Amino acid sequence: MPRYDAVLFDLLTALLDSWALFNDIAGGAERGLTWRKGYLLRAYATGAYVDYAQMARDSAADVGLHTEAGEQLVQRWDELRPWPEAREVLAALAAARLRLGVVTNCSDALGRRAADLVGVRFAAVTTAEQAGFYKPDPRTYRKALEALGAQPSRTLFVAGSPGDVGGAHAAGMDVFWHNRRGLPLPGGSPRPLAEEGTLFPLPAVATR
């Protein structure tokens, strides 16, 4: 019997290259990375959902960027693109009869637009606005599992950011960390089941 029935993805980092958009708006990779880290810290600390556009503006201000950067992030949302191997990997998972879903820290409208940009049909798209909480609050992952109709013990979570590793683990899921940028785990965080720099190894892990 296969180990998993479903695979649940972080959307904005595990499947989409949001790094490129942050970098372009911030004016370079170094400033983009600083903003991205500040954005993640603010999302992790926010807990209950607040307006995503406001969080984007506030996170830009946190790291010394003009709040206009946050507004541009929302305005240029449809420039997000999937990682080069994302569609091929998702097709392999679907061929293995795994249910596929995404969960993302943004509004309902932006989350559905971002999911459409991947170019693959998902069984469930869950947003922080819908759940009422930002990841890594376990309630956000549980809402996504409910929408996907999957049990945590039978679902593999694909993390894109360090905080997702501990958050998904706390919700009862094994974690595959797509650590594209080679980021460190926070101190005390559980280790993922697998950590890779691309999505290519995912089907083998999900179907073993």
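Above this text you will find the structure in question.
To start, this report covers the structure provided alongside it. (Residues numbered from 1 in each chain as written. Predicted model: local features only at pLDDT ≥ 70, side-chain atom pairs only at ≥ 80, totals over all residues. Heavy atoms only, no water.)

## Topic: the packing of helix 3 (residues 52-62) against helix 4 (residues 68-75)
Taken N-terminus to C-terminus, the directions of helix 3 and helix 4 make an angle of 140°; their axes are 7 Å apart at the nearest point. Judged by the inter-axis angle, helix 3 sits oblique to helix 4. In this structure, the crossing between helix 3 and helix 4 has a hand that is right-handed. Of helix 4, the residues touching helix 3 (which contributes Y52, A53, A56, R57 and A60) are A69, G70, E71, L73 and V74. Residues that form the contact of helix 3 with helix 4 fall into these classes: seven nonpolar, one polar and two charged. (Axes fitted to C-alpha atoms, helices over the stretch in contact; angles between N-to-C directions. Helix = DSSP H or I, 4+ residues; strand = E, 2+ residues; numbered from the N terminus. Parallel < 35°, antiparallel > 145°, perpendicular 65-115°, else oblique. Left-handed = near helix turned anticlockwise from the far one by under 90°. Contact = heavy atoms within 4.5 Å. Nonpolar A, V, L, I, M, F, W, Y, C, P; charged D, E, K, R; others polar.)

## Here's the deal with the layout of surface pockets
Here the largest pocket is characterised by a volume of approximately 190 Å³. Taken together, K37, L40, L41, Y44, P162, G163, L183, P184 and P186 make up the lining of the largest pocket. Looking at the lining of the largest pocket, the elements with two or more residues in it are helix 2 (29-46) and helix 9 (162-170). In terms of residues, the lining of the largest pocket owes the most to one element, helix 2, which gives four residues. The residue makeup of the lining of the largest pocket, split by class, is seven nonpolar, one polar and one charged. (1 Å grid on protein atoms, 1.4 Å probe; cavity = no way out; pocket = protein on both sides within 12 Å on 5 of 7 lines; lining within 4 Å. Points joined across faces, edges and corners; volume = space filled by probe spheres on them.)

## Notes on the environment of A14
Here A14 is to be found in the loop between strand 1 (6-10) and helix 1 (18-26). Judged by relative accessible area, A14 falls into the buried class, the value being 0%. In this structure, the C-alpha to C-alpha distance between A14 and L183, residues 169 residues apart in sequence, is 13 Å. In this structure A14 touches W83, V158, A159, G160, H178 and L199, once residues within four positions along its chain are discounted. (Buried < 20%, exposed > 50% of the residue type's maximum accessible area, 1.4 Å probe, protein only.)

## Topic: empty space enclosed by the protein
All chains considered together, the criterion is met by three cavities of 30 Å³ or more. Lining the largest cavity are 16 residues, with D10, L40, N105, K135 and S161 sitting closest to its centre. Those elements giving two or more residues to the lining of the largest cavity turn out to be helix 2 and helix 9. With five residues, the top contributor of residues to the lining of the largest cavity is helix 2.

## Focus on the sheet that holds strand 5 (residues 174-178)
In space, the six strands of this open sheet follow the order 3-2-1-4-5-6, with parallel pairing throughout. Strand pairing shows two members of the sheet lacking a second neighbour, strand 3 (124-127) and strand 6 (194-196), which therefore form its edges. The mean angle between the axes of side-by-side strands here comes to 20°, regardless of whether they run parallel or antiparallel. Here strand 4 (residues 155-159) runs beside strand 5; their pairing, made up of four bridges, is parallel. Each residue of the ladder has a partner; that of V158, found in strand 5, is F176. Across the sheet, helix 8 (residues 138-148) is in contact with strand 1, strand 2 (99-104), strand 3 and strand 4; its angle to strand 3 comes to roughly 160°. (Pairing = 2+ DSSP bridges.)

## A few points about helix 6 (residues 108-118)
Taken together, the buried positions of helix 6 are L110, G111, A114, A115, L117 and V118. Taken down its axis, helix 6 places every buried residue within 155° of arc, on the same side. Seen from the buried face of helix 6, the exposed residues on the opposite side, beyond 90 degrees, are A109 and D116. Considering only its buried residues, helix 6 is in contact with helix 3, helix 4, helix 5 (86-95), strand 2 and strand 3. (Arc of directions from axis to C-beta.)

## Examining the packing of aromatic side chains
The tally for this structure, following the rule as stated, stands at six aromatic pairs. When the ring of Y39 is compared with that of Y52, the centres are 6.2 Å apart and the planes differ by 85°; the resulting orientation is edge-to-face. Pair noted here: Y39 is in helix 2 and Y52 is in helix 3, with a separation of 13 residues, a long-range link. This pair shows no difference in class: Y39 is buried, exactly as Y52 is. Consider the rings of Y141 and F157, whose centres lie 5.4 Å apart with planes at 85°: the pair is edge-to-face. Of this pair, Y141 sits in helix 8 while F157 is found in strand 4, placing the two residues 16 residues apart along the sequence. In this pair, the class of Y141 matches that of F157, namely buried. Ring pairs connect the aromatic residues F22, W35, Y39, Y52 and W77, which therefore count as one cluster. Above the ring of W19, the side-chain terminus of R36 is found at 5.4 Å from the ring centroid. (Phe/Tyr/Trp six-rings, centres within 6.5 Å; stacked < 30°, edge-to-face > 60°. Lys NZ or Arg CZ within 6 Å of the ring centre and 35° of its normal.)

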